[in-house]
Amino acid sequence: MNYFHQVLCRSSMWERASATRIVPWALNGIDLGDQALEVGPGYGANISTLRGRVPELTGLEIDPALAARLRTRRSDLRVIEGDGTAMPLPDKEFSSVVCFTMLHHVPSPAQQDDLFAEAFRVLRPGGVFAGSDGLDRLTFRLMHLGDTCVPVPPATLTDRLTRAGYADVEIDTGATMFRFRARRP
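Draft legend 1. Quick peek at a nonpolar patch on the surface. There is a patch of nonpolar side chains on the surface, built from Leu138, Leu142 and Leu145 and spanning about 340 Å² of accessible area. Along the polypeptide, leucine 145 turns up in the loop between helix H6 (138-143) and helix H7 (154-163).

Below you can see the structure in the form of structure tokens.
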């Protein structure tokens, strides 16, 4: 992540936005079940909000420094260091898998599809995969200068998630972001 992004993502302002707008909108009407996985928790902006919705929460973080930071700051989160495109987790462990504003940091559409397939693999039957990401706009691109930024076109997501095996795929677009939800049959 570029410096601006690092400062923003660890700020109390971002945590407040996540708690009051991003996570509630993305998860509106969704039951996370008893055991959720957040892919790419980063600095942990979503953890407090998610902990209020699920008894057990695991974070899968690719950045070793951020994973270590989460371990020392969040005793209410099981932190696993690993890549969302090759999750070091057993099959069918979670009732839900979520990710927020991180898909665009996955370096290619093929790797994004790998992440969708891995989320499917670690979900129990009936489990939900849900989250949100930013829309490809000029301001979004400017925030990511010098950063990995591969926006996910919402118009392609239903087909991509269906190919990964999901059912009941729903995509909704807001002013600056989209949300998605799908179930493992």
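Draft legend 2. Region of the structure containing the environment of valine 122. Residue position: valine 122 is located in helix H5 (residues 109-122). By relative accessible area, which is 0% here, valine 122 ends up buried. Residues valine 122 and phenylalanine 178 lie 56 residues apart in sequence; the distance between their C-alpha atoms is 23 Å. When near neighbours in sequence (up to four residues on either side) are disregarded, valine 122 contacts Leu37, Met87, Leu89, Pro90, Asp91, Lys92, Glu93, Phe94 and Val97.

Draft legend 3. View of the side chain of serine 96. Residue position: serine 96 is located in strand E4 (residues 94-100). Exposure remark for serine 96: the relative accessible area of 0% places this residue in the buried category. A polar contact is formed between the side chain of serine 96 and the backbone oxygen of leucine 32, at a distance of 2.8 Å. Not counting the four nearest positions on each side in its chain, serine 96 is found in contact with Leu32, Gln35, Ala36, Leu37, Leu123 and Val128.

Draft legend 4. Region of interest: helix H4 (residues 64-73). Three or more residues of H4 are buried, namely Leu66, Ala67 and Leu70. Here the buried residues of H4 occupy an arc of 100 degrees about the axis, which is enough to place them on one side. Exposed side of H4, more than 90 degrees from the buried face: Ala65 and Thr72 are the residues found there. Looking at the buried positions of H4, the neighbouring elements they touch are helix H3 (47-51), strand E2 (56-61) and strand E3 (78-81). Capping the start of H4 is the job of one residue whose side-chain oxygen sits 2.8 Å from the backbone nitrogen of alanine 65: aspartate 63.

Draft legend 5. Spotlight on the pattern of salt bridges. With the rule as written, the count across this model stands at 8 salt bridges. The residue arginine 160 makes a salt bridge to aspartate 113 at a minimum N-O spacing of 2.7 Å. Placement of arginine 160 in helix H7 and of aspartate 113 in helix H5 is noted, with a sequence separation of 47 residues between them. When its relative accessible area of 8% is taken as the criterion, arginine 160 is described as buried. Looking at aspartate 113, the relative accessible area reads 27%, which means it is partly exposed. Note that arginine 121 and glutamate 118 form a salt bridge whose closest N and O atoms lie 2.9 Å from each other. With a gap of 3 residues between them, arginine 121 and glutamate 118 both fall in helix H5, about one helical turn apart. Residue classification places arginine 121 among the partly exposed residues on the basis of a relative accessible area of 22%. For glutamate 118, a relative accessible area of 14% translates into the label buried. Salt bridges linked by common partners bring Arg51, Arg74 and Asp76 together as one network.

Parameters at a glance
Residues numbered from 1 in each chain as written. Predicted model: local features only at pLDDT ≥ 70, side-chain atom pairs only at ≥ 80, totals over all residues. Heavy atoms only, no water. Patch = residues over 30% accessible without salt bridge, like charges linked within 9 Å, V, L, I, M, F, W, Y side chains within 5 Å. Areas by Shrake-Rupley, 256 points an atom, 1.4 Å probe, with all protein chains shown as cover. Salt bridge = Lys/Arg side-chain N within 4 Å of Asp/Glu carboxyl O. Helix = DSSP H or I, 4+ residues; strand = E, 2+ residues; numbered from the N terminus. Buried < 20%, exposed > 50% of the residue type's maximum accessible area, 1.4 Å probe, protein only. Contact = heavy atoms within 4.5 Å. Polar contact = N/O pair within 3.5 Å; in protein donor to acceptor, adjacent residues only side chain to side chain. Arc of directions from axis to C-beta.

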